[in-house]
Amino acid sequence: RAGPIVIFTHDLIQQAVYESMSLNERKSLHLRVGSFLGTLASVNVSCTIGPVTEGFGQLRIKDQVFYSGRNFTSTLISIACDQVNASGSDSTIVGSLHFKFSEWNLSAGISFAFQTNFSAALHYYSNGIAFLGQNCWCTDAQLCLELHHGAIS
């Protein structure tokens, strides 16, 4: 343990700890990790991502290495979406976070569609739609339209 960071020496230990957590604890963990990674990759903090990534130049998650730069940001947003999506759209997410997570899923969907990975793109578009909820056409019609258009394309 190094401060708030816990590093496991073996995958089975990590798996045992994860499985010992309740479903609500898992969802909360996924939500916190996804929110943190999404904030790093967010367009709103693009001016700060340079100094954050400057010190290490790469990010290692499991066996994958992501290098800082444009691809780093687009890959990071898809990892953030995977974490947030694992928490579920029915989680206790407050207010505008639903729209932020929908926007992140839209961004990941566009990125995968551009790479011609249409099944992955549909996955992100569908999750983005799920986060919007039933009143999406009244609250953010443009975002709702873009997600639905992406899902049927």
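This structure is a prediction, so every number in the text was calculated from the model and none was measured. (Residues numbered from 1 in each chain as written. Predicted model: local features only at pLDDT ≥ 70, side-chain atom pairs only at ≥ 80, totals over all residues. Heavy atoms only, no water.)

*Asks:* I would appreciate a short explanation of the packing of helix α6 (residues 118–132) against helix α8 (residues 141–152) in the present structure.
*Replies:* For the pair α6 and α8, the least separation of the axes is 8 Å and the interaxial angle reads 150°. α8 is crossed by α6, and the crossing has left-handed handedness. Facing Leu122, Tyr125, Gly128, Ile129 and Leu132 of α6, the residues of α8 in contact are Leu143, Cys144, Leu147, His148, Gly150 and Ala151. Residue classes in the contact of α6 with α8 are distributed as eight nonpolar, three polar and no charged. (Axes fitted to C-alpha atoms, helices over the stretch in contact; angles between N-to-C directions. Helix = DSSP H or I, 4+ residues; strand = E, 2+ residues; numbered from the N terminus. Left-handed = near helix turned anticlockwise from the far one by under 90°. Contact = heavy atoms within 4.5 Å. Nonpolar A, V, L, I, M, F, W, Y, C, P; charged D, E, K, R; others polar.)

*Asks:* Would you mind showing me how to read the packing of helix α5 (residues 97–114) against α6 here?
*Replies:* For any two helices packed against each other, the geometry comes down to the angle between their axes and how far apart the axes lie. Interaxial distance between α5 and α6 falls to 8 Å at its minimum, and their mutual angle equals 165°. By the angle class used here, α5 and α6 are roughly antiparallel. Where α5 crosses over α6, the handedness of that crossing is left-handed. Within the contact between the two elements, α5 uses His98, Phe99, Phe101, Ser102, Asn105, Leu106, Ala108, Gly109, Ile110, Phe112 and Ala113 and α6 uses Phe118, Ala120, Ala121, Tyr124, Tyr125, Asn127, Gly128, Phe131 and Leu132. Considering only residue class, the contact of α5 with α6 consists of 14 nonpolar, six polar and no charged. (Parallel < 35°, antiparallel > 145°, perpendicular 65-115°, else oblique.)

*Asks:* I keep staring at α6 and nothing clicks. Help me out?
*Replies:* Given 3.6 residues per helical turn, the α-helix brings residues three or four places apart onto the same face. Given a rise of 1.5 Å per residue, 15 residues ought to cover 21 Å, and the 21 Å separating the end C-alpha atoms of α6 matches this to within 8%. For α6, the set of buried residues is Ala120, Ala121, Tyr124, Tyr125, Asn127, Gly128, Phe131 and Leu132. The arc enclosing the buried residues of α6, seen along the axis, measures out at 160°, which places them on a common side. Summarising the geometry of α6, the exposed residues directed more than 90 degrees from the buried face are Phe118 and Ser119. Gly133 sits one or two residues past α6 and shows a positive phi near 85°. (Expected span 1.5 Å × (residues − 1). Buried < 20%, exposed > 50% of the residue type's maximum accessible area, 1.4 Å probe, protein only. Arc of directions from axis to C-beta.)

*Asks:* What is the right way to look at the confidence of the model for the chain in this model?
*Replies:* Low-pLDDT portions of the prediction should not be read for the details of their coordinates. With 75% of its residues at a pLDDT of 70 or more, the chain shows a mean pLDDT of 78. In the model, residues 43–57 has pLDDT below 50 throughout and makes 12 contacts with residues more than four positions away in sequence or in other chains. Predicted confidence for residues 65–70 stays below pLDDT 50, and this span has 16 contacts to residues more than four positions away or in other chains. (pLDDT = per-residue confidence, 0-100.)

*Asks:* Looking at this model, I keep getting lost on the side chain of Ser87. Mind explaining?
*Replies:* If you trace the backbone, Ser87 turns up in helix α4 (residues 70–87). In this structure the side chain of Ser87 is engaged in a polar contact, spanning 2.5 Å, whose partner is the backbone oxygen of Val84. Leave out the neighbours within four places in its chain, and Ser87 touches Lys27, His30 and Leu31. (Polar contact = N/O pair within 3.5 Å; in protein donor to acceptor, adjacent residues only side chain to side chain.)

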